[in-house]
Amino acid sequence: MGQAGAAIEAVTRRARELLPADAVVTDRARLRTYECDGLAHYRVTPALVVLPRDAAQLAGVVRACAEQGVPYVARGAGTGLSGGALPHAEGVLVVTSQMRAITDVRRDDQRAVVEPGVINLDVTRAATPHGYYYAPDPSSQQICSIGGNVAENSGGAHCLKYGFTTNHVVGADFVTSAGETVALGGTAPDAPGYDLLGTVVGSEGTLGIVTSVTVRLVRLPEEVRTILVGFESTDQAGAATSAIIAAGIVPAAIEMMDALAIEAAEAAVQCNYPHGAGAVLVIELDGASVEVEQEYAEVERLCTENGAFEQRLATDPAERALIWKGRKSAFAAVGRISPDYIVQDGVIPRTALPQVLRAIADLSGTSGVRVANVFHAGDGNLHPLVLFDDAVEGAGDAAEKVSGAILDLCIEHGGSITGEHGVGMDKAKYMPRMYTDEDLDTMQLVRCAFDPQSISNPGKVFPTPRLCGEVPGRRKGAHPAQQAGLAEVF
Amino acid sequence: MATGTLDTTAREALASACQDVQDAGETDGVDGVRPGLVARPADTAQVAEVLKAAAAHGLTVVPRGRGTKLSWGLPPASADVLLDVSALDEVLDHAAGDLIVVTQAGARLADLQEVVARGGQRLAIDETVPGASVGGTLATNTSGPRRVATGTARDLLIGITVVRADGVIAKAGGRVVKNVAGYDLGKLLVGSAGTLAVITDATFRLHPLAAAHRWVSMPVPGVAEAHAAVQAVVHGQAVPSAVEVDWAEGRGAVSVLLEGREEGVAGRTATVRGLLGDASTESDDAPAGGAAYPWDLAATGDRRATALKLTFALSGLADVLAAATDSGAVLRGSAGVGVAYAALATGTPLEDVRTAVDRLRRVCTGHGGSLVVVDAPSAVKDGVDVWGPVPALDLMRRVKDQFDPDHRLSPARYVGGI
């Protein structure tokens, strides 16, 4: 048995002492069920899977990992789309799905305290009887967990108005890479000291694991109006979006789908979108009734002025749900029109939308690779779905190429390589296109502070790990990695 | 801490690093600590050169924006160089269609607001300290009444450029609101009091200027009434932009700001008045005091009041107000989110300040929050725990050690002596 094997053995022994027997998985066949997250083309079988029931068990396993220098990867519901929860072959996969208690719902304080395995939508379900809800709503909200949301700083359709996970998490119990538990933030806002919580949210499990999360609950709006608007082209729909924003309206959501995405959604869920539309917008207004009334009139006028040929107001929750069903099922729906597809996630300044959509159409035209566009138009977050048939030789590579070129477009226009799906395994190689070596080095100072051994989800986010022993600007002699025989001269 | 000396060689190095280097004057003191030199770089590159020179000569550096809050926190253990970024005062780009603004850190918040207002927009950070710079606002994380609707600097900052203690220039985030690529260093810098790095540029998301607004106010004769009024409004559906409480000697007022479209605001104002009852009044004007903190910002040295920031869960408001009354504190703040500022009058005996701080801190921590002494006369800062207990302090020290291993930047000003 090698060194790594002995270390894993030691962690496994410790895990068996701490956790119930069925919460420690070593059986090869069962291990393989955890080999990927929502990004299925990366697969690694972990050496060990643990499913702790509480924070003490989880911290105990992490402590054992720290003692043995064994890498670990946290996984919530495994719905992530960037391979952030891809296991480590010689490491432990720490699955938080068994920690699923909603510990407290405090209406008077507008807070809920939940464990990381709690499903996103269940927080809203628990809060609704009190007149509240949890605002961040990724499309996967029926199956994704809060722990994963925290790791990825998940967004959703409504973050245009309400922000992301990071704007709604105010406190957390956090297990460091040494296995110590510390409190970050609190019930109240503005905890003194560095905003470590704001740094942990969105760090993709590379800084540690949260075992309890205090979230802000938002008062249910008095009125919600969801409007489905049909346009002949994405240009018109984009112009309408710009006009709405320019009028000083901040809708809860503005979502756009192009003809191909509409076709897919129709095939999958029969959402009955306007016939023959080149693009649809799903616009949601919420708030106090009197205010929504005013905004609605204006939105309707602006859509008409920009060429809308059909506007449909959902008049009851069932109609609203059907409109959203078309949008939220869009990713899965393209499976109806294409055997394989890549879900891309990029961001552009919203005003660049027409140019970028035309450039994507050109890419598609020249390569022959079909691209369906679904996106959060309000904030410029694109989700192009790149379609291909893996049975056709070279089709996968061609699709990868188009998908990558779309990210280049985002960067060229001053945007981002990911708006909500995360960098994970998938996009680490693109990070140097967005940031300089110095930028990435500086980010990794945080990593070194939190996880000097680099055992918490190593190999994700950053293309090149930083060696934490270095003191910046005072490097003397040979680089430690070079001395240790880990690297050539660089 | 860095322990070099500001000798001739060091002075020369700084002079060649930066367009404008002068001996510190009377007005350059940092809470009683007189710096050696004041360096006023012209751009980010010069900020980097100054920090490199300081690093090479082992000098301590305290960054300054417009100097409006420089006495906040603890005095620095040393300040060889006061790094004044007020020459970096340009608002670089207002992209109205994208609802963002890019600015240099030395620009005044008010000047930035003027620029973006021309496009019908605003940065949703209230100017609580007149004349404050963007960088100083970020470093101290100040916020005002309208945080109820739009949050604070951490929620609005989408991109940042900093210069590290070793002179390396780095950025994080970008120009788009939605962006999860890499660590959110902006959040780490907000409220870091100049101890991690020097902020030189910042990019923010903006909000549209409201077409109409209206304040509803109601006198509250006691703790129970204040608490009930705030709870009624926050659990209502009128979507207020601000829910303020003003409090002194056991009574005060609750004020609610509605912003939006003309008719919408009229309707919501009626709703809030319905919630608060007959004693409420409405006005276009903010209540007396507005966004200002309840202490005299112009007072310096021993004439300063003891200025406090309190945070607490919403259900703790009644207890906080009662403790403020018992402590003889005047208080004002965002009751709607559980953040308030309080002042103990100038000249309050140290023993009484200590008792008040302990009592208020106990109440705040008991309600899931904290109390920080924002500013106070030196004797008070020496005599009380300014920052209070801070969880995760060990992790914070490790972050500091990574960013600033020599403890060059603003040494000893922050939590746990960071």
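Residues numbered from 1 in each chain as written. Chains lettered and ligands numbered in written order. Predicted model: local features only at pLDDT ≥ 70, side-chain atom pairs only at ≥ 80, totals over all residues.

S.K.: So what's going on with the packing of helix 1 (residues 3-18) of chain A against helix 3 (residues 55-68) of chain A? Which residues, and what values?
M.R.: All names here are of chain A. Closest axis-to-axis distance for the helix 1/helix 3 pair is 9 Å, and the angle between their directions is 160°. Our classification of the angle between helix 1 and helix 3 gives roughly antiparallel. Classified by chirality, the crossing of helix 3 by helix 1 is right-handed. Note on element contacts: helix 3 touches helix 1 through Gln 57, Gly 60, Val 61, Ala 64, Cys 65 and Gln 68, opposite Ala 7, Ala 10, Val 11, Arg 14, Ala 15 and Leu 18. Looking at the contact of helix 1 with helix 3 residue by residue, the classes come out as eight nonpolar, three polar and one charged. (Axes fitted to C-alpha atoms, helices over the stretch in contact; angles between N-to-C directions. Helix = DSSP H or I, 4+ residues; strand = E, 2+ residues; numbered from the N terminus. Parallel < 35°, antiparallel > 145°, perpendicular 65-115°, else oblique. Left-handed = near helix turned anticlockwise from the far one by under 90°. Contact = placed C-beta atoms within 7 Å. Nonpolar A, V, L, I, M, F, W, Y, C, P; charged D, E, K, R; others polar.)

S.K.: Could you give an account of the pairing of strand 10 (residues 209-216) of chain A, naming the residues involved and the relevant values?
M.R.: All names here are of chain A. Burial of strand 10 is extensive: eight of the eight residues sit out of reach of the surface. For strand 6 (residues 111-114) and strand 10, the ladder comprises four bridges, and the chain directions are antiparallel. Following the sheet pairing, Val 114 is matched in strand 10 by Val 213. Bridge analysis of strand 8 (residues 169-175) against strand 10 gives six bridges, and the strand direction is antiparallel. Its bridge partner lying in strand 10, Phe 174 is registered against Val 210. (Buried ≥ 20, exposed ≤ 12 C-beta atoms within 10 Å, placed from the backbone. Pairing = 2+ DSSP bridges.)

S.K.: Requested: an account of the sheet that holds strand 6 of chain A, with residues and values cited.
M.R.: All names here are of chain A. Judged by pairing direction, the sheet is antiparallel, and its five strands sit side by side in the order 5-6-10-8-9 without closing on themselves. In the strand order of this sheet, the two ends are held by strand 5 (102-106) and strand 9 (181-185), each with one partner. Neighbouring strand axes in the sheet, compared pairwise and without regard to direction, differ in orientation by 10° on average.

S.K.: Can you lay out the interface of chain B and chain A for me, pointing to particular residues and giving the numbers?
M.R.: Each partner contributes residues to the interface: chain B has 73 residues there, and chain A has 77 residues. At the level of elements, helix 6 (153-156), strand 9 (169-173), helix 7 (185-189), helix 9 (262-276), strand 19 (370-375) and helix 13 (393-403) of chain B are the ones that each hand at least two residues to the side of chain B that touches chain A. Top contributing element to the side of chain B that touches chain A by residue count: helix 13 of chain B, with seven residues. Residue composition of the side of chain B that touches chain A, grouped by class: 36 nonpolar, 23 polar and 14 charged.

S.K.: Give me the confidence of the model for chain B: which residues, what numbers.
M.R.: Across chain B, pLDDT averages 97, with 100% of residues at or above 70. The complex model carries a pTM of 0.96, and its ipTM stands at 0.97. (pLDDT = per-residue confidence, 0-100.)

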